[in-house]
Amino acid sequence: MNSKLHGEINKFSEILIASNRGPVTLEKDENGDYTFKRGSGGLVTALTGLANYTNLTWVACALSPADFEWKQGYVCFDDPDCNLYVRFINPDPDAYEGYYNQISNPLLWFLQHSMWDVPRSPVINQETWKAWEMGYQVVNRQFAIEIADQVRKIKKPVLIMLQDYHLYLAARSLKRYLRGQDVTISLFVHIPWPGPEYWGILPTRMRQEILDGMCAADLLGFQTSEDGLNFIRTCENYLPKANVKYRNRHIRYRSHVTKVHDFPISIDVNALKTLSESPDVENFRTEIANQIKERKMILRVDRLEPSKNILRGFQAYDALLETHPEYQKNVVFMAYLIPSRVGVEEYQHYLDEIMVTVGRINAHYGSSEWEPVRLLVGENYPRAVAAMQMYDVLLVNSIADGMNLVAKEGPIVNQKDGVLILSERAGAIQQLASGSLVISPCDVYETQLALHQALTKNTELRKEKLSLLRKLVEEEDIHYWLKTQLEVVNNLANS
Ligand code: GDG
């Protein structure tokens, strides 16, 4: 962790993070003792790292029976003196269903990733309104009650850092419950924020409650500058009495000023480098090398998620093999897909379509010695890291993506002077455009041309672009993401 963080944190004797999923999941062993599994990813590493500097509490939904039973307590990772306090909330299952499976994921996720098929969806009916009122509102209030209860015990300045689209309403309730208490509230939105045209499809009351809830925060963080601007435009269009200032990125509403700022999220570069040198990853490298042999590798690593645009990636590859038969037998497309939201019908259909498309490509071009697409559906981060070390081309062609961390991880670990093909609709474009081949995600023809260009690019140019990408990611890693947020929070009164 960057030692400079000390200065940024001084002002707060306590930081409280709230997110749907917590930093750990608990299990109970056969002796009845609790064990915990730490959540993967840079976000958990960076945010739990704050516990080295200040008292840190993390409030999240209980996701396992053991989380529910344990309820709250200190969690120590490596440091016995750690001060990370985890507190689980336990929503009623029906409320959680409405909050998570009816509002957060189908409705808000689809809206914010432009995934609605507007002539048919969304259909907002009485059920949806019930999920809104008895689910999303209730769980947000429950978060606010737990957070407020924790904050009241402290009686010193507290920074509350809310995470993501599950908690759009929490800041408003918190302001009400914590009147008179010295708290600063930030909310970071990890996913894209589309323009007001798209938000116009949501019913007026839901939209207003979301904007009203968010404008109770002191700082709203977005992945890109465009997301932040879109938020301000959305408030200007739909939040009566909001007074927006584009130049300062301020919204004055109900006598309160909310600052809007972009903080592009990133990865823990050192932790990733250490993992990439581990024996586990080395074993996977050997396994993958045996599968690939002398062939070139196109790679994608994604959650199995329609917004990642997996089908069009295969369509572009299909067109490449058709128009450039010289690639047949000489290239393999490795697709590592992590199962996601398996209970949601759209995601199940999407997997079916992927299987059919891959099956068709493999049957059409493949032979006993060559499988054009190697599709692996499963969770195995060390294997994904090993593959990222070995790609010639990394395809990130999301229809919409808050950031896309794979686009940042790949260049850090890659050992083949690999080329990054990057969608102009992934948040990572704001930082990585100059080192990538940029594509428009719906343009399969452009993607096909980019694949060809990437596979034939000369070594010098590939090296140059890869080292540029590395520099860009290293300069603004996950600690930078956190540090800039704390800096902006500390300067809120002066901005
Ligand atoms: C959301 C936003 C935003 C890969 N294989 C496994 C595995 N991974 C890692 C990847 C990467 C992470 O999971 C996925 O992060 P992404 O950013 O690519 O995508 P989302 O999951 O959609 O994340 C996104 C992000 O939040 C952060 O704000 O960038 O835009 O959609 O690090 O390498 N992880 C595990 N098992 C694997 O097999 N656990």
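This structure is a prediction, so every number in the text was calculated from the model and none was measured.

> An account of the packing of aromatic side chains is needed here, citing residue identities and associated values.
Taken as a whole, this structure holds 18 aromatic pairs when the rule is applied. Pairing Trp132 with Tyr136 gives two aromatic rings, centres 5.0 Å apart and planes at 10°, and the pair type is stacked. Within this pair, Trp132 and its partner Tyr136 are both found in helix 5 (residues 126-152), separated by four residues, close to a single helical turn. On the basis of relative accessible area, Trp132 is assigned to the buried category, the value being 0%. Each member of the aromatic cluster is reached from another via a ring pair, and the members are Tyr96, Tyr99, Tyr100, Trp132 and Tyr136. A cation sits over an aromatic face here: Arg383 above Tyr336, 5.0 Å from the ring centre.

> An account of the domain arrangement of the protein is requested, with residue identities and associated values reported.
Under the domain assignment used here, the protein contains domain 1 (3-266 + 479-494) and domain 2 (270-475). Look at where the C-alpha atoms of domain 1 and domain 2 centre, and you get two points 31 Å apart. Around 1400 Å² of area is buried between domain 1 and domain 2 when both sides are counted, 59% of it from carbon and sulfur atoms. Three residues stand out in domain 1 for area buried against domain 2, namely Trp109, Phe110 and Ser266, and they jointly supply 28% of the buried area on that side.

> Go over the packing of helix 12 (residues 310-323) against helix 13 (residues 345-365) with me, naming the residues and quoting the values.
Where helix 12 meets helix 13, the axes come as close as 10 Å, and the angle between the chain directions of the two elements is 10°. Relative to helix 13, the element helix 12 lies roughly parallel. Across from Ile310, Leu311, Phe314, Tyr317, Asp318, Leu321 and Glu322 in helix 12, the residues of helix 13 making contact are Tyr350, Glu353, Ile354, Thr357, Val358, Arg360, Ile361, His364 and Tyr365. For the contact of helix 12 with helix 13, a count of residues per class yields ten nonpolar, two polar and four charged.

> Outline the side chain of Asp417, listing residues and values.
Structurally, Asp417 can be placed in the loop between helix 15 (406-413) and strand 17 (419-423). For Asp417, a relative accessible area of 16% translates into the label buried. For Asp417, the side chain forms a polar contact with the side chain of Lys463, separated by 3.0 Å.

> Would you mind going over the site of the ligand in detail, with residue names and values included?
As a structural note, the neighbourhood of the ligand is formed by 21 residues, with His190, Asn380, Asp401, Leu405 and Glu409 the closest of them. Within the backbone of Tyr381, an N or O atom sits 3.3 Å from an oxygen atom of the ligand. Glu409 is positioned with one of its side-chain polar atoms (N or O) 2.5 Å from an oxygen atom of the ligand. Against a free-state accessible area of 730 Å², the protein chains account for coverage of 84% of the ligand. Those elements that place two or more of their residues in the shell around the ligand are strand 13 (296-303), helix 14 (381-390) and helix 15. Take the shell around the ligand: its biggest share by element is three residues, from helix 14. Each of domain 1 (3-266 + 479-494) and domain 2 (270-475) accounts for three or more of the residues forming the shell around the ligand.

> Go over the sheet that holds strand 5 (residues 72-75) with me, naming the residues and quoting the values.
An order of 5-6-4-1-7-8-9-12-11-10 is seen for the ten strands of this open sheet, with the pairing classed as mixed. Of all strands in the sheet, those bounded by a partner on one side alone are strand 5 and strand 10 (243-245). Direction aside, the axes of adjacent strands within the sheet are offset by 20° on average. Relative to strand 12 (residues 256-262), strand 11 (residues 250-253) is paired through four bridges, and the arrangement is antiparallel. For Tyr253, the partnering residue across the bridge sits in strand 12 and is His256. Contacts from helix 5 reach strand 1 (14-19), strand 4 (55-61), strand 5, strand 6 (84-89), strand 7 (158-163) and strand 8 (183-188) within the one sheet, and its direction differs from that of strand 6 by about 145°. Strands strand 1, strand 7, strand 8, strand 9 (219-222) and strand 12 of the sheet are contacted by helix 19 (residues 478-490), whose axis makes an angle of about 130° with strand 7.

> Pulling in residues and values, what's your account of the side chain of Arg462?
Looking at the element boundaries, Arg462 is found in helix 18 (residues 459-475). Among buried charged residues, Arg462 stands out as having no salt bridge; its nearest opposite-charge side chain is Asp417, 4.6 Å away. A distance of 3.0 Å separates a polar atom in the side chain of Arg462 from the backbone oxygen of Asp417. Ignoring sequence-local partners within four residues, the contact set of Arg462 consists of Lys416, Asp417, Val419, Ala454 and Lys457.

> An account of the pattern of salt bridges is needed here, citing residue identities and associated values.
Opposite charge on two side chains permits them to pair, given that their charged atoms come into close proximity. Summed over the entire model, instances satisfying the criterion amount to 21 salt bridges. A salt bridge links Arg300 to Asp302; the shortest N-O distance between them is 2.8 Å. Neither Arg300 nor Asp302 differs from the other in exposure class; each is buried. Through salt bridges with shared partners, one network takes in Lys71, Arg87, Glu146 and Asp149.

About the thresholds
Residues numbered from 1 in each chain as written. Predicted model: local features only at pLDDT ≥ 70, side-chain atom pairs only at ≥ 80, totals over all residues. Heavy atoms only, no water. Phe/Tyr/Trp six-rings, centres within 6.5 Å; stacked < 30°, edge-to-face > 60°. Helix = DSSP H or I, 4+ residues; strand = E, 2+ residues; numbered from the N terminus. Buried < 20%, exposed > 50% of the residue type's maximum accessible area, 1.4 Å probe, protein only. Lys NZ or Arg CZ within 6 Å of the ring centre and 35° of its normal. Domains from an automatic or database assignment. Buried area = accessible area lost by both parts, 1.4 Å probe. Axes fitted to C-alpha atoms, helices over the stretch in contact; angles between N-to-C directions. Parallel < 35°, antiparallel > 145°, perpendicular 65-115°, else oblique. Contact = heavy atoms within 4.5 Å. Nonpolar A, V, L, I, M, F, W, Y, C, P; charged D, E, K, R; others polar. Polar contact = N/O pair within 3.5 Å; in protein donor to acceptor, adjacent residues only side chain to side chain. Near = heavy atom within 4 Å. Areas by Shrake-Rupley, 256 points an atom, 1.4 Å probe, with all protein chains shown as cover. Pairing = 2+ DSSP bridges. Lys, Arg positive; Asp, Glu negative; His and termini not counted. Salt bridge = Lys/Arg side-chain N within 4 Å of Asp/Glu carboxyl O.

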